Amino acid sequence: NLLESLAFYNKELGKYAEATRLLKEVATIKKNIFGIDNIEYAYSLTNLATCYSESSNNNEAIHIGAEVLGILGRIVGTNHPYYVLSLRNLALYYSEIGNYREAIRREKEVAELLRMSDSTESPDYPTSLSRLADYYSKSGNYSEAVRIGIETMKINKRVFGAESQDYATSLINLAGYYQDLGNYSETIRLMTEAKEIYERVFGKESHEYALLLSNFA
């Protein structure tokens, strides 16, 4: 609607205070029309939480994100894609304030829900594992990051193929975790494999290949 569009434009201009004010108004209107346990109200809260997060107010984003989860759990259930997405967003908000323990807990729930719904062969599952490995790495648990990074790499290779960017990206991430552990020989091996894939897929003159080389250096 008009208010949501105005909020979006203000957010794009970096006017987060105005965007937040408008999104709060949208949420209030939808709450009054549809009630609390309604997908439209939950959607309006999701937009508000996203705006708070983008303006670096992740504590408020967490508060609203938790409310969204509660609503979705009641009206669509925990296996619904919207619930899983909201859970993933909440994990991200926690990571933004450095609460990796809670981010890990939430992202583990995401991965488990995807696994239980037979989504392990979809892009969502390795993406969740990749986020989980990243949270472990940021929390200082590099060994667990490596373990999950290896699992992610194997899934990406099986799902997308050995010549895919997804597989190469998982190699790069895993190389970073090994670097954190001080295992530089494994870091070099993985980065070299990723470089060869990028060279074949994108070519030596591509922006992607040049960017990879700058990281490799």
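Coordinates for the structure precede this section.
This one's a predicted model, so the numbers in the text were calculated from it and none came from an experiment.

About the cut-offs
- Chains are numbered independently. Their residues run from 1 in the order of the written sequence.
- With pLDDT at 70 or above as the cut-off, local features in this predicted model cover only qualifying residues; side-chain atom pairs require 80 or more to be listed or tallied, and sums for whole chains, interfaces and linings still use all residues.
- To get the side-chain values, all heavy atoms of the structure are used, and hydrogens and water are removed first.
- The helix and strand labels rest on DSSP assignments: H or I over at least four residues marks a helix, E over at least two residues marks a strand, and numbering proceeds from the N terminus.
- Burial classes follow relative accessibility: with a 1.4 Å probe on protein chains only, a residue under 20% of its type's maximum area counts as buried, one over 50% as exposed, and anything between as partly exposed.
- Of all possible arcs, the one meant is that of the directions from the helix axis to the C-beta atoms.
- The contact rule is simple, with two residues in contact once any of their heavy atoms fall within 4.5 Å.
- Side-chain atoms alone can form a polar contact between residues adjacent in sequence; in general such a contact is a pair of N or O atoms within 3.5 Å, and within protein one must be able to donate a hydrogen while the other accepts it.
- Multiplying 1.5 Å by the helix residue count minus one yields the expected span of that helix.
- Basic side-chain nitrogens of Lys or Arg form a salt bridge, by our definition, when they fall within 4 Å of a carboxyl oxygen of Asp or Glu.
- In this description, a line fitted to the C-alpha atoms serves as the axis of each element, helices being fitted only across the stretch in contact, and the angle between N-to-C directions of two axes falls anywhere from 0 to 180 degrees.
- Any angle that falls under 35 degrees is termed roughly parallel, while one over 145 is termed roughly antiparallel, one within 65 to 115 roughly perpendicular, and all others oblique.
- Crossings are assigned a handedness: left-handed for a near helix turned anticlockwise from the far helix by less than a right angle, right-handed for a clockwise turn.

(A) Representation of the environment of N59 within the structure. Within the secondary structure, N59 is located in helix α4 (residues 58-75). Look at N59 and you get exposed, because its relative accessible area is 55%. A C-alpha to C-alpha distance of 8.1 Å links N59 and Y94, two positions 35 residues apart in sequence.

(B) View of helix α1 (residues 2-12). For α1, every residue scored as buried is listed here: L3, E4, A7, N10 and K11. Looking straight down α1, one finds that the buried residues subtend no more than 125° of arc, so they occupy a single side. Opposite the buried face of α1, at more than 90 degrees from it, the exposed residues are L2, Y9 and E12. On its buried face, α1 is in contact with α2 (16-34) and α3 (39-54). Among the residues of α1, the N-terminal cap falls to N1, whose side-chain oxygen and the backbone nitrogen of L3 are separated by 3.2 Å. Once α1 ends, the next one or two residues include G14, with phi positive near 85°.

(C) Local environment of α2. A rise of 1.5 Å per residue sets the reference length of α2, with its 19 residues, at 27 Å; its end C-alpha atoms lie 26 Å apart and thus fit the reference within 8%. Turning to α2, its buried residues number three or more, namely A19, T20, L22, L23, V26, A27 and K30. Angular distribution of buried residues about the axis of α2 spans 165°; they occupy a single face of the element. α2 presents A17 and N32 as exposed residues on the side facing more than 90 degrees away from its buried surface. Buried positions along α2 lie against α1 and α3. The first or second residue beyond α2 is G35, which carries a positive phi of 90°.

(D) Broad picture of unusual backbone geometry. Positioned with a positive phi, S56 is a non-glycine residue whose angle comes to about 70°. Here S56 is to be found in the loop between α3 and α4. Residue class for S56 comes out exposed when judged on its relative accessible area of 62%.

(E) Structural view of the pattern of salt bridges. Under the criterion given, the structure shown has 17 salt bridges. Among the salt bridges present, the one from E4 reaches K30, with a minimum N-O distance of 3.1 Å. Here the residue E4 occupies a position in helix α1, and K30 occupies one in helix α2, the gap between them amounting to 26 residues. Among the residues examined, E4 registers a relative accessible area of 19% and is labelled buried. Each member of the salt-bridge network shares a partner with another, and the members are E102, R105, R106 and E109.

(F) Structural view of the side chain of N58. Relative to the helices and strands, N58 resides in helix α4. Residue classification places N58 among the buried residues on the basis of a relative accessible area of 6%. Within the structure, N58 has its side chain in polar contact with the side chain of S53 (distance 2.8 Å). For N58, the residues in contact, after removing those within four places along its chain, are Y52, S53, Y93, E96 and I97.

(G) Inspection of the packing of helix α7 (residues 124-138) against helix α9 (residues 165-181) at higher detail. Packing of α7 against α9 leaves a shortest axis separation of 11 Å and a crossing angle of 20°. Taken together, α7 and α9 sit at an angle that is classed as roughly parallel. Crossing of α7 over α9 shows left-handed handedness. For the pair α7 and α9, contact is made by S130, A133, D134 and S137 and by N173, Y177 and D180, respectively.

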